[in-house]
Amino acid sequence: QSGLRADELFDLRKCDVAIPQNTDEVMIIAIGVRKFTKAKRTQRIILEPVRHKESYLLMQVLVQATADDECLFPFNSWVFHSSIREMDLKFNLNLGLSGHSGRACFATEAIVIHKLSVPDVMREGRWVSESAFRTYIDIIGASAAQSSFASKGFAPAADYCRAHVLRYFTISKLESEQHGYASGQKAL
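Residues numbered from 1 in each chain as written. Predicted model: local features only at pLDDT ≥ 70, side-chain atom pairs only at ≥ 80, totals over all residues. Heavy atoms only, no water.

> Whenever I open this one, the packing of aromatic side chains confuses me. Can you help?
The relation between two aromatic rings is expressed through the spacing of the ring centres and the mutual angle of the planes. Counting across every chain of the model gives 7 aromatic pairs. Ring centres of Phe106 and Trp127 lie 6.2 Å apart, and the angle between their planes is 15°; this geometry places the pair in the stacked category. Placement of Phe106 in helix α3 (residues 101-112) and of Trp127 in the loop between α4 (118-125) and α5 (130-134) is noted, with a sequence separation of 21 residues between them. For Phe106, a relative accessible area of 7% translates into the label buried. Chaining the aromatic ring pairs together yields one cluster made of Phe10, Phe73, Phe75 and Phe80. Positioned over the ring face of Trp127 is Arg103, at 3.7 Å from the centre of the ring. Between the NZ or CZ atom of Arg103 and the centre of the ring of Tyr136, over which it lies, the distance is 5.4 Å. (Phe/Tyr/Trp six-rings, centres within 6.5 Å; stacked < 30°, edge-to-face > 60°. Helix = DSSP H or I, 4+ residues; strand = E, 2+ residues; numbered from the N terminus. Buried < 20%, exposed > 50% of the residue type's maximum accessible area, 1.4 Å probe, protein only. Lys NZ or Arg CZ within 6 Å of the ring centre and 35° of its normal.)

Written out as structure tokens, the structure is:
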């Protein structure tokens, strides 16, 4: 929901996230604090409680369940990328998902569904060049995915999961699995 690059997740720590006291306020996430981003500097991601509802809620739970010195996403890029592909096949989605799918979805939805301007989406997703940004816009792929979901009857289940996301990610669940992920051995 914020256009994060997959590799920007793996160095995020609890101290990089400013959780507001009031849930009407934005959440600020510092990326590239220890290992610079593609822009070769520290950058900020802003999550708005309404616009980025699921990410906002999940980040609150994740920060609460993580020890101060541990990574919020304690696995490596290989585990991340292979888990995305594995879940695509396991749940019979067969959409060809990869670790870049989230960023592509962010860009495509921002343009097609939310009708945001290209410069606004580029700024939020931190793209420097429009040509690089345009490689992430995939209207045909998004339409094919939506059709595939509908034809397989997955749309109601996906809507339910999105509406009840915090039933699947609780503090106790995340705390109990945190140690297994730290070694990079468990999949997502």
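Still more to cover.
> Got a minute to help me understand the sheet that holds strand β3 (residues 43-47) in this structure?
Strand pairing in a sheet relies on backbone hydrogen bonds, with the paired strands running either antiparallel or parallel. Taken together, the 3 strands give an open sheet; going across it, the order is β1-β2-β3, and neighbouring strands pair in antiparallel fashion. On the outer flanks of this sheet lie β1 (17-18) and β3, each paired with one strand and no other. As judged from the 5 bridges shared by strand β2 (residues 27-31) and β3, these two strands associate in the antiparallel manner. Note that in β3 the partner of Ile29 across the bridge is Ile45. In the packing of helix α1 (residues 53-65) onto the sheet, contacts are made with β1, β2 and β3, and the angle to β2 comes to roughly 70°. (Pairing = 2+ DSSP bridges. Contact = heavy atoms within 4.5 Å. Axes fitted to C-alpha atoms, helices over the stretch in contact; angles between N-to-C directions.)

> Just to check I follow, could you spell out the nonpolar core for this structure?
One recurring pattern in soluble globular proteins: nonpolar side chains tend to sit buried together. Grouped together as the largest cluster of nonpolar side chains are 20 residues, with contacts concentrated most on Ile29, Met59, Leu72 and Phe73. Those elements that place two or more of their residues in this core are β2, β3, α1 and α2 (77-90). The element that contributes the greatest number of residues to this core is α1, accounting for 4 residues. Excluding residues within four positions of it along the chain, Ile29 makes contact with Leu12, Asp16, Val17, Gln43, Arg44, Ile45, Leu47 and Met59. Ranked by size, the runner-up nonpolar core spans 9 residues in total, among them Ala110, Val118, Met122 and Trp127. (Core = buried A, V, L, I, M, F, W, Y, C linked by side-chain atoms within 4.5 Å.)

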